[in-house]
Amino acid sequence: MLMREVVFAHLTKTKQTLDGTPFALIVPATFSMLLQSPEDYYERWVPGSLLRMLRFAAAFLALMAPSLYISFISFHPGLIPTELAISIMETRQGVPFPSLIEVLILEVSIEILREAGIRLPKPIGPAMGIVGGLIIGDAAVQAGIVSPFLVIVVAVTAISSFSIPTYSAGITLRVLRFAGMLFAAFLGMFGTILFFLLLCSHLTRLKSFGVPYLTPASPYRLQDWKDLFLRAPLSMMKRRPVMLKTKKSKRKS
């Protein structure tokens, strides 16, 4: 009851309301919660842990893949294996744009198609996004505007962003992706690393109703790591997360 009053006071203060919507707020919310899904607990702990690790990897790719592509191609091609670097350079022959403009063309196109697919009727919306992306990517390659390797990078990035269970978290990663691309375009790998460190330092300062946003990673709580990157067997998770500060620490059997 107390938490409900706190949430209502917060929404009133920020002039937000959920009246008339089919959604509810669960607080506090941390970064790890945004990458968790109910399916993790429906399955055994091994497939549940595998799916969760794939989700974390997909979140990293959705955020950093275009930035890493720009850094390697524009500033640090020596870090790429020689045969792969030669193959990439061959595919970029005749491309008139620098890597940043090349990535922006495809990324903006994918974002427009994604929004258009949401607005279209449900039966044809997903097909429109997939077919439109394939057609635009193939046409751009045939016209010499982008390289085939970049089409693969952008496709992997878009698919990875779809694996985020929480829609609002996916939007945040999509916005931050463009900021990371600008850092990479001006400072190369140093800019990519700087962007990632600035993002991490900002997340460590965030709190959700008094709970640190990166808990249990920061501050470090070993007990809660049983349900972070891996989903431990339910028999090992008999206690509730320490961050919730519940009166009863043990779960009901």
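Owing to the predicted nature of the structure, the values given are computational and were not obtained by experimental measurement.

Q: Would you explain the environment of M181 in this entry?
A: Summarising the element assignment, M181 is placed in helix α9 (residues 167-205). Exposure remark for M181: the relative accessible area of 0% places this residue in the buried category. Taking the C-alpha atoms as reference points, M181 and L68, 113 residues apart in sequence, are found 8.3 Å from one another. If we ignore the near neighbours within four places in the chain, the residues touching M181 are P66, S67, I70, L100, V103, L104 and E107.

Q: When you look at a positive patch on the surface in this model, what are you seeing that I'm missing?
A: A cluster of basic residues, K226, K238, R239 and K250, forms a positive patch at the surface. The topology assignment puts K250 in the segment after β2 (211-212). By relative accessible area, which is 56% here, K250 ends up exposed.

Q: Quick question: what am I supposed to make of the side chain of R52 here?
A: By the secondary structure assignment, R52 is in helix α4 (residues 45-74). Since its relative accessible area comes to 0%, R52 is described here as buried. Excluding residues that lie within four positions of it along the chain, R52 makes contacts with Q36, D40, Y41, D227, L228, F229, L230 and R231.

Q: What should I look at first to understand α9 in this one?
A: Because each turn of an α-helix spans 3.6 residues, side chains separated by three or four positions end up pointing in the same direction. Helix length check: α9 (39 residues) gives 23 Å between terminal C-alpha atoms against 57 Å at 1.5 Å per residue, more than 12% under. The largest bend in α9 comes to about 145°, at L187.

Q: Even after reading the chapter, I still don't get a nonpolar patch on the surface, so can you show me in this structure?
A: Where nonpolar side chains cluster on the molecular surface, the patch consists of L50, L51, M53, L54, Y220, L222, W225, F229 and L230 and spans about 880 Å² of accessible area. Under the relative-accessibility criterion, Y220 is labelled exposed at 55%.

Q: Would you mind showing me how to read the nonpolar core here?
A: Looking at soluble globular proteins, one finds that nonpolar side chains tend to be buried together. Counting 17 residues, the largest nonpolar core has Y69, I70, V103 and L150 as the members making the most contacts within it. Of all the secondary structure elements, the ones that give two or more residues to this core are α4, α5 (82-91), α6 (99-119), α8 (148-162) and α9. With four residues, the single largest contributor to this core is α4. If sequence neighbours within four positions are ignored, V103 has contacts with P66, Y69, I70, L150 and M181. Core analysis: the second largest hydrophobic core is formed by 14 residues, F56, L173, F195 and L203 among them.

Q: Before we go on, may I ask you to explain the confidence of the model for the protein in this structure?
A: Reading fine detail from the predicted coordinates is not recommended where pLDDT is low. With 86% of its residues at a pLDDT of at least 70, the protein reaches an overall mean of 80. Looking over the protein, one finds the lowest element-wise mean pLDDT in helix α1 (residues 2-13), namely 47, and the highest in α9, namely 91. Scored below 50 in pLDDT, residues 1-9 shows five contacts in the model against residues more than four places distant or in partner chains.

Q: What is the right way to read the packing of aromatic side chains from this model?
A: Any aromatic ring pair is given by two values, namely how distant the centres are and how the planes are angled relative to each other. This structure, assessed with the given rule, holds six aromatic pairs. With centroids separated by 6.1 Å and ring planes inclined at 25°, the aromatic side chains of Y69 and F149 adopt a geometry described as stacked. With Y69 in helix α4 and F149 in helix α8, the pair connects residues that are 80 residues apart, well separated along the chain. Here the aromatic residues F31, F56, Y213 and F229 are joined through ring pairs into a cluster of three or more. Above the ring of F162, the side-chain terminus of R114 is found at 4.5 Å from the ring centroid.

Analysis parameters
Residues numbered from 1 in each chain as written. Predicted model: local features only at pLDDT ≥ 70, side-chain atom pairs only at ≥ 80, totals over all residues. Heavy atoms only, no water. Helix = DSSP H or I, 4+ residues; strand = E, 2+ residues; numbered from the N terminus. Buried < 20%, exposed > 50% of the residue type's maximum accessible area, 1.4 Å probe, protein only. Contact = heavy atoms within 4.5 Å. Patch = residues over 30% accessible without salt bridge, like charges linked within 9 Å, V, L, I, M, F, W, Y side chains within 5 Å. Areas by Shrake-Rupley, 256 points an atom, 1.4 Å probe, with all protein chains shown as cover. Salt bridge = Lys/Arg side-chain N within 4 Å of Asp/Glu carboxyl O. Lys, Arg positive; Asp, Glu negative; His and termini not counted. Charge placed at Lys NZ, Arg CZ, Asp CG, Glu CD. Expected span 1.5 Å × (residues − 1). Bend = angle between axes of the 7 residues up to and from the residue. Core = buried A, V, L, I, M, F, W, Y, C linked by side-chain atoms within 4.5 Å. pLDDT = per-residue confidence, 0-100. Phe/Tyr/Trp six-rings, centres within 6.5 Å; stacked < 30°, edge-to-face > 60°. Lys NZ or Arg CZ within 6 Å of the ring centre and 35° of its normal.

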